[in-house]
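# Per-entry structural report
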Amino acid sequence: LGEWANEVNESAYAKELIDSFGCGVITQHCDSAQPQIAAENAGVFGCGYNSDMTADAPKAHLTAAIWNWDVYYTSAVEAVIGGTWAEFGNYYEGINVNFVDVSPVTANCAENTEKYINAVKELMKSGEWDVFSGVALSFDADGNVVKTDAPLVDNTGAAIAPVDDATITGSMNYF
């Protein structure tokens, strides 16, 4: 989009992805529900961002990545009150403290989707699995998690070294 918010373009770009490129699922990194509405109008699915957008596109919306900003604000205020704001620095918490999550899974999703999401969330919360670990997850016919060693690759297909916190918070320059 080239800007933080533009509902007209958010809708237009989603329509373009659907019409010109045949996208069957629209996901987004903007806060308006316009991409979800465009997905529903075109008869495809969508994943929202930052809030549950089911009410805006009930026939299309699957789920959404959500940020629970109260987790951050509480930590930030406590750091100010405690006199540790100078050391607070960048905040890189995640699912383990409920800072990031997913909105409720809708009936538009395949059977067991919520079960699978919750299984992976528990592995992440417990520290048993990390998206950057070089281990791919899948599910067997009984719904059990299967871990398979798999190299991490960037957007060009090149293998990348194991990713540590310093890379995530500073020098990652690939997809």
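Residues numbered from 1 in each chain as written. Predicted model: local features only at pLDDT ≥ 70, side-chain atom pairs only at ≥ 80, totals over all residues. Heavy atoms only, no water.

Judged from the five bridges that link them, strand S5 (residues 135-139) and strand S6 (residues 145-149) form a sheet pairing that is antiparallel. Bridge pairing in S6 links Leu137 to Lys147. Count of turn residues in the S5/S6 antiparallel hairpin: five residues, of which Gly143 carries a positive phi of about 85 degrees. (Pairing = 2+ DSSP bridges. Helix = DSSP H or I, 4+ residues; strand = E, 2+ residues; numbered from the N terminus.)

Before going further, it helps to spend a moment on the nonpolar core. If you look at the biggest cluster of nonpolar residues, it comprises eight residues: Ala14, Ile18, Ile26, Ala38, Ala39, Val44, Ala57 and Ala60. Residues in contact with Ala57, not counting those within four places in the same chain, are Gln36, Ile37 and Glu40. One finds Tyr72, Phe88, Tyr91 and Phe99 within the second-largest nonpolar core, a separate group that totals seven residues. (Core = buried A, V, L, I, M, F, W, Y, C linked by side-chain atoms within 4.5 Å. Buried < 20%, exposed > 50% of the residue type's maximum accessible area, 1.4 Å probe, protein only. Contact = heavy atoms within 4.5 Å.)

Volume-wise, the second largest pocket comes out at about 360 Å³. As for the second largest pocket, its lining consists of 17 residues, of which Leu1, Trp4, Glu10, His29 and Cys30 are closest to the centre. Looking at the lining of the second largest pocket, the elements with two or more residues in it are helix H1 (7-21) and strand S1 (25-27). Top contributing element to the lining of the second largest pocket by residue count: H1, with four residues. Considering only residue class, the lining of the second largest pocket consists of 10 nonpolar, four polar and three charged. (1 Å grid on protein atoms, 1.4 Å probe; cavity = no way out; pocket = protein on both sides within 12 Å on 5 of 7 lines; lining within 4 Å. Points joined across faces, edges and corners; volume = space filled by probe spheres on them. Nonpolar A, V, L, I, M, F, W, Y, C, P; charged D, E, K, R; others polar.)

In this model, Asn50 sits at a positive phi of 80 degrees, which is unusual for a non-glycine residue. With a relative accessible area of 24%, Asn50 lands in the partly exposed category. One non-glycine residue with positive phi stands out, namely Asn98, at about 65 degrees. Inspection of the secondary structure assignment puts Asn98 in the loop between helix H4 (85-88) and strand S4 (100-102). Residue classification places Asn98 among the partly exposed residues on the basis of a relative accessible area of 34%.

Let's shift gears to the confidence of the model for the protein chain. Across the protein chain, the average pLDDT comes to 90, with 97% of residues at or above 70. Helix H2 (residues 34-42) holds the highest mean pLDDT among the elements of the protein chain, 98, whereas helix H6 (residues 165-171) holds the lowest, 68. (pLDDT = per-residue confidence, 0-100.)

At a minimum axis distance of 8 Å, the contact between H1 and H2 shows a crossing angle of 40 degrees. In this structure, H1 meets H2 at a crossing whose hand is right-handed. Residue-level inspection shows Glu7, Glu10, Ser11, Ala14, Lys15 and Ile18 of H1 in contact with H2, the latter providing Gln34, Pro35, Ala38, Ala39 and Ala42. (Axes fitted to C-alpha atoms, helices over the stretch in contact; angles between N-to-C directions. Left-handed = near helix turned anticlockwise from the far one by under 90°.)

With that out of the way, let us pick up the pattern of salt bridges. For the coordinates displayed, the defined rule picks out one salt bridge. Between Asp101 and Lys121 there is a salt bridge, and its shortest N-O distance comes to 2.7 Å. Note that Asp101 is positioned in strand S4 and Lys121 in helix H5 (residues 113-126), a separation of 20 residues in sequence. Neither Asp101 nor Lys121 differs from the other in exposure class; each is buried. (Salt bridge = Lys/Arg side-chain N within 4 Å of Asp/Glu carboxyl O.)

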